[in-house]
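Here is how the chains run, residue by residue.
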There are 2 protein chains.
Amino acid sequence: MVIHRMGEGTVVFPNRPKIIAGAAIAGKKEGEGPLGKEFDAVIQDDLFGEETWEKAESRFYYTAAKTCLTKAGVEEDQVDALLGGDLLNQIMSASMAARELRIPFLGLYGACSTMAESLCVGAMLVDGGYLRNALCAVSSHFCSAERQYRFPLEYGNQRTPTAQWTVTGAGASFLTLDEKAPAICRCTHATIGRIQDMGVIDANNMGAAMAPAAADTLARHLRDTGRSPEDYDLIITGDLGRVGHDILLELMKERRLPLNPDHYLDCGLAVFAPGQDTHCGGSGCGCSAVTLNSLILHRFQERTIRRVLFMATGALLSTTTSQQGATIPGIAHAIVLEADA
Amino acid sequence: MVIHRMGEGTVVFPNRPKIIAGAAIAGKKEGEGPLGKEFDAVIQDDLFGEETWEKAESRFYYTAAKTCLTKAGVEEDQVDALLGGDLLNQIMSASMAARELRIPFLGLYGACSTMAESLCVGAMLVDGGYLRNALCAVSSHFCSAERQYRFPLEYGNQRTPTAQWTVTGAGASFLTLDEKAPAICRCTHATIGRIQDMGVIDANNMGAAMAPAAADTLARHLRDTGRSPEDYDLIITGDLGRVGHDILLELMKERRLPLNPDHYLDCGLAVFAPGQDTHCGGSGCGCSAVTLNSLILHRFQERTIRRVLFMATGALLSTTTSQQGATIPGIAHAIVLEADA
């Protein structure tokens, strides 16, 4: 019996599961942003031909999953499990897509950290031989998220300066140990997040709520592996946005593990350009998912990066907790992706 | 590289992770039911000293987790991961408890199947050595569930004949490979569920929505393992209730894998007595969780059962899907528990 866990909780993958395909399906506004040309498809119609925002989000989820499987050259009935979720109550987008895909389904909820959570769990299950392969997929949609978490768009509510813009889009990654399939990159380590809560109660300032969780996970990861931030070509956070990005830089400086801003990327700042009027940047499960499954995987394919830490953060609030005056718990899960040897 | 998966998706655990402790904390009505004396504690106050139903539910969750750790003789900082969730939007009960427990947290959502989902995932991660141990815990609360899914209790809304009564309670199980700790039982196999949807749209008839998923998982499990229902002292479903229980018996008869009603237990029918006016029985994540972590573990300790299949079912609906006329996707995850050799 070999234990693959070390120190404060970082897991090592002896079999280094491969990501052999990724897919990113994004909305119109995301398509107009800096990553527009990286996406597999940009859907001009926010409703994606459906009657409601929620069904549209599920269509994004399904399309990302199907596109990823097509790129991997795998049929649905060859997939051992689908892992993932979304931001909607009872993860309805993921559930409705899983119903159509007919793949055994493990529903996850980690708010905006769900892409990293699904990769961490998926990589452990594939590495251990409990699944031969796993499809990890998440989604978010600006219109369904605004309606559920804030106000229906029809109200024309004003956004605060610290607000972020929920990404409309879905991303999917296919993990396998199949020897014949060429790897885009391999999963080598994962660090599961612990909830951190510094008392932020403003549901429009989630970057501040999530940054301490990112700092905790990152510091534990670096101590466990004996690495420094310079050992990574990129350290990637999910959707801290402008405020959270700057707080994380401060927190890591305080911990004497300073990040080099040239090698630190927040997907919330990558997905939209400053002129797109999103205030503090992108957010949502889809934010890190479409960035990872387009930009980051493409950089691996171009061999311009060799090792990254992908760490998506989640704000585990609900409208009920906010209405009851509760503070916002943050969490961050991290996975190391490396170029194939 | 050894693959532990066979046939249509059943996983075998070569290291047979142990359950060394379980805890069940239940509400007043549950305490008055047939399992009243089996629970670790019965909380007479539905609010559990808190101001809201949601915070009360989280208190149940936290108390079950703490009680389980005390019984296992383990401190929070020795626990590698907490896996679980609940029925509330954004799994707020579990998240708030995970914040207090400060254990690395993997949030899961499988509706009422979450106890089985957390055991399946937890057992795979412990068996593979990715975690040394795992705390699996879920909760539900009648008042928070009614308010969120149906009507606030203050409306005095009438319940339909097929309705079930959400269990107020939480259950937790502690999984480990620690050689020194005596096992109550061991996890030997798991079968991950696939979503099944036969077109049920009545949110007050969830047993009918979930029974086909239970039949699918059970049939796959039996085919994969080459076993028949007689190979189990008990086949346990989570909360099918009276209607779903009877449908499952029919469906298994059609599949020529008939269940013996004397060796089939639905937790929804076990937790309340017919005179308690719950209509079709108990439901909710807590229903199967408190039954497993009291009655079932006690029967293992008394050596009156040797092998059970614990299969909790979930109805992956939300109020939004119901309002949009969508049918209810059902799912069922199963895990085999065996007495120590």
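Residues numbered from 1 in each chain as written. Chains lettered and ligands numbered in written order. Predicted model: local features only at pLDDT ≥ 70, side-chain atom pairs only at ≥ 80, totals over all residues.

Attention now moves to unusual backbone geometry. Even without being a glycine, A:Ile91 presents a positive backbone phi close to 35 degrees. Counting through the fold element by element, A:Ile91 comes out in the loop between strand 5 (82–86) and helix 3 (92–101). (Helix = DSSP H or I, 4+ residues; strand = E, 2+ residues; numbered from the N terminus.)

The next subject is the nonpolar core. Nonpolar side chains in soluble globular proteins tend to end up buried together. Counting residues in hydrophobic clusters, the biggest one holds 254 residues, and the most contacted among them are A:Leu135, B:Ala65 and B:Leu135. Here A:Leu135 is in contact with A:Ala65, A:Cys68, A:Leu69, A:Val79, A:Leu82, A:Ile103, A:Ala172 and A:Phe174, once residues within four sequence places are set aside. (Core = buried A, V, L, I, M, F, W, Y, C linked by C-beta atoms within 7 Å. Buried ≥ 20, exposed ≤ 12 C-beta atoms within 10 Å, placed from the backbone. Contact = placed C-beta atoms within 7 Å.)

This paragraph deals with the environment of A:Lys253. Topologically, A:Lys253 is positioned in helix 7 (residues 241–254). Between the C-alpha atom of A:Lys253 and that of A:Leu297, which follows or precedes it by 44 residues, the distance is 29 Å.

Below, the discussion takes up the environment of B:Ala72. Residues and elements named next belong to chain B. Mapped onto the fold, Ala72 is located in helix 2 (residues 53–72). When the C-alpha positions of Ala72 and His298 are compared, they lie 15 Å apart, and in sequence the two are 226 residues distant. Look past the residues within four positions of Ala72 in its chain and what remains in contact with it is Ile20, Ala21 and Phe174.

Residues and elements named next belong to chain A. What the domain assignment reports for chain A is domain 1 (11–176) and domain 2 (185–338). Put simply, the middle of domain 1 and the middle of domain 2, counted by C-alpha atoms, are 17 Å apart. Counting residues at the interface gives 52 residues for domain 1, matched by 55 residues for domain 2. Counting residues per element, the side of domain 1 that touches domain 2 draws most heavily on helix 4 (residues 114–127), which supplies eight residues. Considering only residue class, the side of domain 1 that touches domain 2 consists of 29 nonpolar, 15 polar and eight charged. (Domains from an automatic or database assignment. Nonpolar A, V, L, I, M, F, W, Y, C, P; charged D, E, K, R; others polar.)

Further remarks concern the interface of chain B and chain A. If you look at the interface, chain B gives 54 residues, while chain A gives 54 residues. Secondary-structure elements contributing two or more residues to the side of chain B that touches chain A are helix 3 (92–101), strand 6 (105–107), helix 4 (114–127) and helix 10 (319–323) of chain B. If one sorts the elements of the side of chain B that touches chain A by residue count, helix 3 of chain B sits on top with five residues. Of the residues belonging to the side of chain B that touches chain A, the class tally is 28 nonpolar, 17 polar and nine charged.

All names here are of chain A. The interhelical angle for the contact between helix 2 (residues 53–72) and helix 5 (residues 142–149), taken along N-to-C directions, is 135 degrees, at an axis separation of 8 Å. With respect to helix 5, the axis of helix 2 lies oblique. Relative to helix 5, helix 2 is oriented so that their crossing is left-handed. On the side of helix 2, the interface is formed by Trp53, Glu54 and Glu57, while helix 5 contributes Cys143, Ser144 and Arg147. A breakdown of the residues in the contact of helix 2 with helix 5 according to their chemical character gives two nonpolar, one polar and three charged. (Axes fitted to C-alpha atoms, helices over the stretch in contact; angles between N-to-C directions. Parallel < 35°, antiparallel > 145°, perpendicular 65-115°, else oblique. Left-handed = near helix turned anticlockwise from the far one by under 90°.)

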